[in-house]
Structure formats: structure tokens, C-alpha cells
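Here is how the chains run, residue by residue.
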Amino acid sequence: MYLPSKPNKYGIEIMMLCDVKTKYLINGIPYLGKDSNPSGLPLGAYYTKELTKTIHGTNRNVTMDNWFTSIPLAKDMLSSHQLTIVGTLRSNKKEIPPEMSNEKSRKIGSVMFAYNNELVLVSYKAKKSKMVFLLSTTHENGTVSETTGKPDIVEFYNSTKGAVDTFDEMSSNMSCSHKTQRWPLCIFYGMVNSTLVNAYVIYVHNSVKEKKKPINRREFAKQLERCTDYVHQQDDFTLVKWFLKARTELILLNKYSFDCDVKTCSLCNLKEDEGVPHFIARCPVLAEIRTRHLRKSILSEEELRAHLNGQHWQAVSRYCREACQYTFFLVQQFNF
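Because the structure is predicted, anything quoted here is derived from the model rather than measured. The written sequence of each chain sets the order in which its residues are numbered from 1. At least 70 in pLDDT is required for a residue's local features to be given in this predicted model, at least 80 for side-chain atom pairs to be given and counted, and no such filter applies to totals for whole chains, interfaces and linings, which use all residues. For side-chain calculations, the full set of non-hydrogen atoms in the structure is used, while hydrogens and water are omitted.

Q: Can you walk me through the packing of aromatic side chains in this structure?
A: The geometry of an aromatic ring pair is captured by two quantities: the separation of the ring centres and the angle between the planes. Here the aromatic set is Phe, Tyr and Trp, taking the six-membered ring for Trp, and pairing holds for ring centres within 6.5 Å; pairs whose planes are under 30 degrees apart are stacked, those over 60 apart are edge-to-face, and all others are tilted. If you walk through the whole model with that rule in mind, you get twelve aromatic pairs. With 6.0 Å between their ring centres and 90 degrees between their planes, Tyr-31 and Trp-67 make a pair best called edge-to-face. With Tyr-31 in the loop between strand 2 (25–30) and helix 1 (43–51) and Trp-67 in the loop between strand 3 (61–64) and helix 2 (71–81), this residue pair connects regions lying 36 residues apart in the sequence. Aromatic side chains Trp-67 and Phe-68 sit 5.0 Å apart centroid to centroid with 80 degrees between the ring planes, which places their arrangement in the edge-to-face category. Type-normalised accessible area, obtained with a 1.4 Å probe on protein chains alone, sets the label of each residue: buried when under 20%, exposed when over 50%, and partly exposed for intermediate values. The class of Trp-67 is partly exposed, set by a relative accessible area of 29%. Within the aromatic cluster, the residues linked to one another by ring pairs are Tyr-31, Tyr-46, Tyr-47, Trp-67 and Phe-68. Strands are runs of DSSP state E lasting at least 2 residues, helices are runs of H or I lasting at least 4, and numbering of each runs from the N terminus.

Pasting the structure below:
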């Protein structure tokens, strides 16, 4: 799409949710146009709710710009999802009282507040021809800073609004992207760049926690690249693919395709849903292979979770590879 106000005017727009302190990318959704909303909500409300799904009920604040902010969204986020918002509001919103939007009769630096239960609306005339409107469900009272003369809501917004822009800048400053006309490849490059930034954020957090001095991001990227070379040199890349398949539940189990209605495992008589947890942890037909690679015939939920989180990932990969081969053999020979 074309965005004339951005440094890169042509590209794929990704809606993002980032942590303001660490700049860690929490969630991201591609913007697919005005007709991409399946729920019938306004686009701003739809993307806000989708992006914040992972933090619903956590009593956090979400700072957003005027493309997302609306009065109904602020009420719904607070009542249904226990999230407060602070965001700029477009001047054409019908909920704004006309007394607050009259630019000509207002002095520069003047402030007006409006209240409606848990909502606080502030109108601040920053310049002669610039009126700023902000909506907040975080602040209970409208106060003005004695040092700057700006409303505290404006000060709070300015201090928490830059996480996504900073994340974008970090991704573009050190990028693996190449010039291409294939949009899937652009998405892939963006995913790699985002992963590198998130990995560095986690590394810095752990280093500070352990009272160690973190290396700079360029050196971190070089070390990460050397680790990738090590994986290739050790011929473990196929194991990585099997582990990723297990993590994302993309292993084609038994003879059924992904869109088949059959869900129970046809190899055993446990009558459990045929999925990765059953395949790795419990299916008795695969108990011998499981014992050989994972040292147990049946895994508990805690042990399965630990394995899928990376503990002994090579053993999990080898198990998945051999178990799948054995499963396909049984299907072909005995028509399970």
C-alpha cells in the first residue's frame, strides 16, 4: 500500500503492539484493506481487540493514535477486557462538545476537560491552528503540569506513544531484507528482522538480571548467525524442522489430512483426539519408540510442555521423525 507520510512510502502495513519499556513486539497483524474485517466492527476497534488478545484481563494500558481511538472502544476495552486506553481523538468525532473544538476563541496553551463516568476527554490548544484531543480511561482527574503547562494526559501520551516507531527503527537499522517484488518474501524478511530485535531484547533483559554487561546488537546478530552455521554444520537442520512441526502442530498424523473430520487416533484404543500431545506423550502404539528417545513410555503434561519448550529438543525431533515413519508404515501395511 501507499503511505505518503512514511519514510518507506510503499510496502506492506503491519499493525503492531509493542511494550513501551523494552520495545518487545507482542503481536502483529497485516493490514489487508478496508474489507478485511470479518466481525463487522470498525477497523480500529477490530485491530485493537485482535492485537491485545494476549493481554486481556491484565489491567494494562494501551496507548494508540487517532486511527484506533473511539469512545465505544474505550468503554468496551475497560468493561470487557480490563484494559485502559490513552489515545488521540480525531476532531470530527460527534462525541466532542462544540465548546471544546472552537479553535478561534481559545488561547494558545488553554486546556479544557470533559468527564463521563470513567472517561476523561482533554482538549489542548498547542498552537494557533492546532487543537489536540485525547481520550483516557487511565486518568481519573484532569490535571495540568506546573512545569510545562501541558495536561498530564498529554505528558503521559507523549511518554508512551513511541514503542512501535522505535521497534520499526531498530528493525530497519539492522535488516536482512533484500530488494524483491515477491510480497511473501517481504513478510519473511520482516519476520526475521522482528525476531532478531525480540531476541536481543530478551538477551539484554537476562544479562541485566544476571548483572552482566550485554554486547551490542551488531555483535549479538553475528553470534546468532554463527549459531545458525553451527546448526547447518552439525546436520541438525532436519531436526529443527521436525521440532518446529511439533511446536506448531503441523505433523501430518496417521493417514488423515488436516481438514478431515476424523479426530480420534486410529492406531490405539484410547479414543483420544489425534493431535501432537497424544502423538508425543500418550499413544501406546508408539511407547517403545518414546522410551528409546524420551526415556519414558508415557509423558505427563508437565514433561510434554517442558519438551516442547526446548528441553531435549533433539530427542523430541528424532522421536517425531521415527514415530511418523512407523505410523505411515502401519497405515500402508495394515490400513489402520
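Read on, since the account is not over.
Q: Quick question: what am I supposed to make of the pattern of salt bridges here?
A: Side-chain pairs of opposite charge can arise whenever the charged atoms involved come near each other. Any Lys or Arg side-chain nitrogen found within 4 Å of a carboxyl oxygen on Asp or Glu counts as a salt bridge. Counting across every chain of the model gives seven salt bridges. The salt bridge partner of Lys-53 is Glu-50, with a shortest N-O separation of 3.4 Å. The shortest N-O distance in the salt bridge between Glu-288 and Arg-292 comes to 4.0 Å. Of this pair, Glu-288 and Arg-292 both sit in helix 9 (residues 287–294), four residues apart, roughly one helical turn. Exposure remark for Glu-288: the relative accessible area of 61% places this residue in the exposed category. The class of Arg-292 is partly exposed, set by a relative accessible area of 39%. Via salt bridges that share partners, Glu-288, Arg-292 and Glu-322 belong to a single interconnected network.

Fair warning: the whole summary comes from geometry, so function is off the table for now.
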